[in-house]
Amino acid sequence: MALAIEGVGEPGEGVRSRGRDAVWLGHAWVDGRKGDGDIAGLVGVLRGTGIRDLFVHTGPLADDGGLDPGLAPKARWFVEAAHRELPGVRVQAWLGNLVAPEYDGLRLVDRGTRDRVTASAGAVLGIGFDGVHFDMEPVRSGEGGFLELLDQVRAVTQARGAVLSVSAPQIDPLPGLHAVGIAVADHGKWWAQGYFAQVARRVDQVAVMSYDTSMPWKALFGGYVTQQTTLALEVTPAEVDLLMGLPAFRADNIAHHGAAETVPAAVRGVRLGLGRHDPNRANFGVALYVDFAATPEDWATYRRDWCQ
């Protein structure tokens, strides 16, 4: 009931795109499956929108933190084509992997792993990427190794005038819920708001994965996104870009009810949260997940409800 109430009201007309939006792009853009004709199509989709950042999947990172350059043989081609055809748009290398202890993956507590991830970040910047976008899941709330990694990598990105960006899980809708999730299901789904703040202070951009919420109805999902937007706005520094994720994909499972988690409901929730908490914030946007699943209707909704 409380979440449904959060979603009541009409968004302010001026609560629209600030030209700092983003979209996650699949691996096909850098492995040889896409060509010049696809670039032209991408330009057509993005023209006239607020998209400034492209997070193109360039990994995954190996479990030890390394990055096989053979995974993305056309990375330089894509970066150069995007810079040429989409002036002003930044291209970021989307790097990630599953994370220990929940999975047999990246061990962020290990200094050697962090050093190799840092070297991998430097390698993609050397190709020409404008930034590094980390999506490591599930980093548990309070994980010190992740904070140390961000400090290491930011030293590299700042030295090169590049962007450090991260995907972040949702913030505890109730205080301490992240601890309950770990205790009951051994799953780190949420972050404490204080830990989110620690991460946000270490990066240039943070994108909240405000989908896969388990909300069964649009009204609840919209209210949940409103709440998440507010919680993130409260602790994200004004100079850091805060992006709220839009579910431009289809799924039906316990975590994601496709009839409820829609782009229109998410945009409405974002606009309500932004309008109530910080309507004049400049460093704010939305991020569509993901290009290969987004429909023309998703893009039309984004343009109509957020950009215009």
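Residues numbered from 1 in each chain as written. Predicted model: local features only at pLDDT ≥ 70, side-chain atom pairs only at ≥ 80, totals over all residues. Heavy atoms only, no water.

**Student:** So what's going on with unusual backbone geometry? Residues and values would help.
**Tutor:** Cis geometry is found at the peptide bond from Gly-59 to Pro-60, where omega equals 5°. Here the bond from Glu-137 into Pro-138 is cis, since omega is -10°, no more than 30 degrees from zero. As for its position among the elements, Pro-138 is in the loop between β4 (131–137) and α5 (144–159). One non-glycine residue with positive phi stands out, namely Asp-212, at about 55°. Assignment of secondary structure puts Asp-212 in the loop between β8 (205–208) and α8 (218–235). (Helix = DSSP H or I, 4+ residues; strand = E, 2+ residues; numbered from the N terminus.)

**Student:** Lay out the pattern of salt bridges in plain terms, naming residues and giving numbers.
**Tutor:** The full count for this structure, using the stated rule, is 18 salt bridges. For Glu-13, the salt bridge is made with Arg-16, and the minimal N-O distance between the two is 2.8 Å. Under the relative-accessibility criterion, Glu-13 is labelled exposed at 58%. Judged by relative accessible area, Arg-16 falls into the buried class, the value being 13%. Residues Arg-114 and Glu-148 are paired through a salt bridge, measuring 2.9 Å at the closest nitrogen-oxygen approach. Here Glu-148 lies in helix α5 and Arg-114 lies in helix α4 (residues 111–127), a separation of 34 residues in the sequence. Each of Arg-20, Arg-52, Asp-53, Arg-90 and Asp-241 takes part in a single network of salt bridges with overlapping partners. (Salt bridge = Lys/Arg side-chain N within 4 Å of Asp/Glu carboxyl O. Buried < 20%, exposed > 50% of the residue type's maximum accessible area, 1.4 Å probe, protein only.)

**Student:** Explain the nonpolar core to me, and be specific about the residues and the numbers.
**Tutor:** Looking at soluble globular proteins, one finds that nonpolar side chains tend to be buried together. Core analysis: the largest hydrophobic core is formed by 81 residues, its most contacted members being Leu-54, Phe-78, Phe-134, Met-136, Phe-146 and Phe-196. A per-element tally of this core places α8 first, with 7 residues. Beyond its immediate sequence surroundings of up to four residues, Leu-54 is in contact with Val-23, Leu-25, Leu-46, Phe-78, Ala-82, Leu-86, Val-89, Arg-90, Val-91 and Gln-92. Counting 11 residues, the second largest nonpolar core, distinct from the first, contains Trp-24, Ala-207, Phe-249 and Val-290. (Core = buried A, V, L, I, M, F, W, Y, C linked by side-chain atoms within 4.5 Å. Contact = heavy atoms within 4.5 Å.)

Honestly, that's just the spatial picture; any functional story needs more than this.
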